Amino acid sequence: MVRNPLFTAHVKHPSSPSGNDSNGSRSRQYVQTVEATIDDLYYNSRSGLRGMFIFLAASAIAFYYNERSLAGSLPSNIMGQLGSTPPVFLINCVFGASTFSSLISIAGRIYYNRKPGKTSTHLWFRVFFYLLYFISGALADYFNVVFISGLVVLGLQHYNVWNYYMRAIDMTTDKCNRINMLNNWLSKK
């Protein structure tokens, strides 16, 4: 979708004389508010994409540390103070439940046309599992699983965010166009 250049928040509108100055300035002020709203909607529509880029960067870092573990990186006396690492079986259970609930939550919001949840929530859960597998020493075994599930969850979240805000932009643009048509009709009278 190509953005309509008529709707930007940073453009000064010349004051055009009209027969009814108070209505003209009020409608011009409303149009500027709508234009600012459209810019905010465009910014929000990209949050899913920003989340995917951050996840890819975190995945690159996790891939670099793929063959390492926390126990191998820290001295044994510090590891003794930290205690034992979490069992991989428990991490797998939490990971599966988290992925499944994220997919159901996002799919439900898409189906019922609800406002999408925060992309950062899904993002930090996926990154957190890289950290958990690194701590347990199983990152090399489960990197691909976390990576693919993260791409699926964040890809679906991006679609949800993008679709929701593009519909909101279309509705707001239509509203602004109707106001402009009404102003043109009133100015001709």
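Check the entry above for the structure.
Residues numbered from 1 in each chain as written. Predicted model: local features only at pLDDT ≥ 70, side-chain atom pairs only at ≥ 80, totals over all residues. Heavy atoms only, no water.

Asks: Any chance you could break down the overall build of the protein chain for me, citing the residues and the numbers?
Replies: A count of helices and strands for the protein chain gives 7 helices and 0 strands. Reading the protein chain from its N end, one meets helices and strands in the order α-α-α-α-α-α-α. The buried share of the protein chain, reckoned over its 189 residues, is 32%. In the protein chain, once contacts between residues fewer than 6 apart in sequence are set aside, the share between residues at least 24 apart is 85%. Carbon and sulfur atoms provide 63% of the accessible area of the protein chain, an area that totals close to 12100 Å². (Helix = DSSP H or I, 4+ residues; strand = E, 2+ residues; numbered from the N terminus. Buried < 20%, exposed > 50% of the residue type's maximum accessible area, 1.4 Å probe, protein only. Contact = heavy atoms within 4.5 Å. Areas by Shrake-Rupley, 256 points an atom, 1.4 Å probe, with all protein chains shown as cover.)

Asks: Before we move on, could you go through the nonpolar core and cite the residues and values that matter?
Replies: Ranked by size, the top nonpolar core spans 20 residues in total, and within it Phe55, Phe129, Tyr130, Tyr133, Leu139 and Val146 carry the most contacts. Elements with a minimum of two residues in this core: α2 (47-64), α5 (88-111), α6 (119-136) and α7 (139-188). The contacts of Tyr133, once residues within four sequence positions are left out, are Val88, Ile91, Asn92, Phe95, Ala138, Leu139, Tyr142 and Val146. Grouped together as the second largest cluster of nonpolar side chains are 8 residues, Ile38, Leu41, Met166 and Ala168 included. (Core = buried A, V, L, I, M, F, W, Y, C linked by side-chain atoms within 4.5 Å.)

Asks: Outline α6, supporting the account with residue identities and numerical values.
Replies: Relative to the 26 Å expected for 18 residues at 1.5 Å per residue, α6 spans 26 Å between its end C-alpha atoms, a close match to the ideal helical length. Among all positions of α6, only Thr119, His122, Leu123, Arg126, Val127, Phe129, Tyr130, Leu132, Tyr133, Phe134 and Ser136 are buried. Contacts made by the buried residues of α6 are with α2, α3 (70-73), α5 and α7. At the C-terminal side of α6, Gly137 shows a positive phi close to 85 degrees. (Expected span 1.5 Å × (residues − 1).)

Asks: Describe in detail a nonpolar patch on the surface, supporting the description with residues and values.
Replies: A contiguous nonpolar patch, built from Leu49, Phe53, Leu56 and Leu151 and spanning about 330 Å² of accessible area, is present on the exposed surface. Sort the elements by how many residues they give to the nonpolar patch and α2 lands first, with 3 residues. Locating Leu56 in the fold gives a position in helix α2. (Patch = residues over 30% accessible without salt bridge, like charges linked within 9 Å, V, L, I, M, F, W, Y side chains within 5 Å. Salt bridge = Lys/Arg side-chain N within 4 Å of Asp/Glu carboxyl O.)

Asks: An account of the packing of aromatic side chains is needed here, citing residue identities and associated values.
Replies: By the definition in use, this model includes 13 aromatic pairs. For the pair Phe63 and Phe143, a centre-to-centre distance of 5.4 Å together with 55 degrees between the ring planes defines the contact as tilted. Highlighted residues: Phe63 in helix α2 and Phe143 in helix α7, separated in sequence by 80 residues. Considering the side-chain rings of Tyr133 and Tyr142, the 4.7 Å spacing of their centres and the 15 degrees angle between planes classify their relative orientation as stacked. Tyr133 sits in the buried class, given a relative accessible area of 1%. On the basis of relative accessibility, which here comes to 23%, the residue Tyr142 falls in the partly exposed class. An aromatic cluster is present here, built from Phe55, Phe63, Tyr130, Phe143 and Phe147 joined pairwise through their rings. (Phe/Tyr/Trp six-rings, centres within 6.5 Å; stacked < 30°, edge-to-face > 60°.)

Asks: Summarise the packing of α5 against α6; cite the residues concerned and give the values.
Replies: It is at 11 Å that the axes of α5 and α6 come closest, and there the two elements cross at 170 degrees. By the criterion of interaxial angle, the relationship of α5 to α6 is roughly antiparallel. Every residue of α6 that contacts α5 at Val88, Ile91, Asn92, Val94, Phe95, Ser98, Thr99, Ser102 and Ile106 is listed here: His122, Phe125, Arg126, Phe129, Leu132, Tyr133 and Ser136. Residues of the contact of α5 with α6, tallied by class, amount to 9 nonpolar, 6 polar and 1 charged. (Axes fitted to C-alpha atoms, helices over the stretch in contact; angles between N-to-C directions. Parallel < 35°, antiparallel > 145°, perpendicular 65-115°, else oblique. Nonpolar A, V, L, I, M, F, W, Y, C, P; charged D, E, K, R; others polar.)

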